[in-house]
Amino acid sequence: MTQTVANKKPKVDKKQAILDSALQLFVEQGFHGTSTASIAKKATVATGTLFHHFPSKDDLLNHLFVSIKQEFADDITQALSTFDNAGEDLKTDAEYLWQQAIDWALKHPIKQRFFLQFSMSSDIDAAIRGQAMNGILHFVVQLISKGQQQKIIADFPVALMLENCHGQYLAAIRYFTDNPQWGNDPSQRQASFELFWRSMKAQ
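Residues numbered from 1 in each chain as written. Predicted model: local features only at pLDDT ≥ 70, side-chain atom pairs only at ≥ 80, totals over all residues. Heavy atoms only, no water.

Some remarks on the environment of Ser 67
Here Ser 67 shows up in helix H4 (residues 57-81). When its relative accessible area of 29% is taken as the criterion, Ser 67 is described as partly exposed. (Helix = DSSP H or I, 4+ residues; strand = E, 2+ residues; numbered from the N terminus. Buried < 20%, exposed > 50% of the residue type's maximum accessible area, 1.4 Å probe, protein only.)

Pasting the structure below:
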């Protein structure tokens, strides 16, 4: 008898299962404390299947880093595309992006913890990190460049300004991670943005 569609088990995406398992284990145990065997076991796949998708644990970490950065960037730019006042005022755009980025972190706690652990880590390949910073986060680069042209943002090298943005964001989400009672407090959220803005604006 032909099996009905209703009785069929959904196909498991093994690659995604590996990524999800690696994300959790890297956050809980660290990169060096996590073995490929433990990732495969948690993902319920053979170790050979893991290596079919990712030749090494380093490749897996780098792929995870880029994919999470891309998800973050896609969500933030999608939010900006629906912002009614986009483009009218640089500070307003920057604050909207900042608050959306904080919201994203609060909605994705394990990915937020991954950012905090690995964004500045030497375990991430330098070329991969550069791709994430300059390619995936291109909308931040554009905002900085636009602000410098308008003499609103300080005239320092864009790459350095981007690193400063990144560091300020990590500091903010660390603060809200350690103090979850402030995550939805408007005055605390506004203060986090003002600290960021003051570090970026021209004198």
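Now that the structure is up, let's keep going.
As for helix H1 (residues 14-29)
With 16 residues, H1 should reach 22 Å at 1.5 Å per residue; the first-to-last C-alpha distance of 22 Å fits that figure. Along H1, the residues classified as buried are Ala 17, Ile 18, Leu 19, Ser 21, Ala 22, Leu 23, Leu 25, Phe 26 and Val 27. On its buried face, H1 is in contact with helix H2 (36-43), helix H3 (47-53), H4 and helix H6 (109-118). Put simply, Asp 13 is the residue that caps the front of H1, since its side-chain oxygen is 3.2 Å from the backbone nitrogen of Lys 15. (Expected span 1.5 Å × (residues − 1). Contact = heavy atoms within 4.5 Å. Polar contact = N/O pair within 3.5 Å; in protein donor to acceptor, adjacent residues only side chain to side chain.)

Let's talk about the packing of helix H5 (residues 90-107) against H6
The geometry of H5 relative to H6 is characterised by a closest axis approach of 5 Å and an angle of 110 degrees between their N-to-C directions. Looking at the two axes, H5 sits roughly perpendicular to H6. From H5, Trp 104, Ala 105, Leu 106 and Lys 107 reach across to H6, where they touch Pro 109, Lys 111, Gln 112 and Phe 115. Each residue belonging to the contact of H5 with H6 can be placed in one class, and the counts come to five nonpolar, one polar and two charged. (Axes fitted to C-alpha atoms, helices over the stretch in contact; angles between N-to-C directions. Parallel < 35°, antiparallel > 145°, perpendicular 65-115°, else oblique. Nonpolar A, V, L, I, M, F, W, Y, C, P; charged D, E, K, R; others polar.)

With respect to the packing of aromatic side chains
The tally for this structure, following the rule as stated, stands at twelve aromatic pairs. Here Phe 114 and Phe 118 contribute two aromatic rings whose centre-to-centre distance is 4.9 Å and whose plane-to-plane angle is 40 degrees, an arrangement assigned as tilted. Of this pair, Phe 114 and Phe 118 both sit in helix H6, four residues apart, which is roughly one turn of that helix. The pair Phe 114 / Phe 118 is uniform in exposure class, with both members buried. Look at Tyr 175 and Phe 176: their rings are 5.3 Å apart centre to centre, the planes differ by 70 degrees, and that puts the pair in the edge-to-face class. Note on Phe 176: relative accessible area 3%, which makes it buried. An aromatic cluster is present here, built from Phe 72, Trp 98, Trp 104, Phe 115, Tyr 169, Phe 193, Phe 196 and Trp 197 joined pairwise through their rings. Its end group placed over the ring of Phe 31, Lys 57 keeps NZ or CZ at 4.5 Å from the ring centre. One cation-aromatic arrangement involves Lys 69 over Phe 115; the distance from NZ or CZ to the ring centre is 4.5 Å. (Phe/Tyr/Trp six-rings, centres within 6.5 Å; stacked < 30°, edge-to-face > 60°. Lys NZ or Arg CZ within 6 Å of the ring centre and 35° of its normal.)

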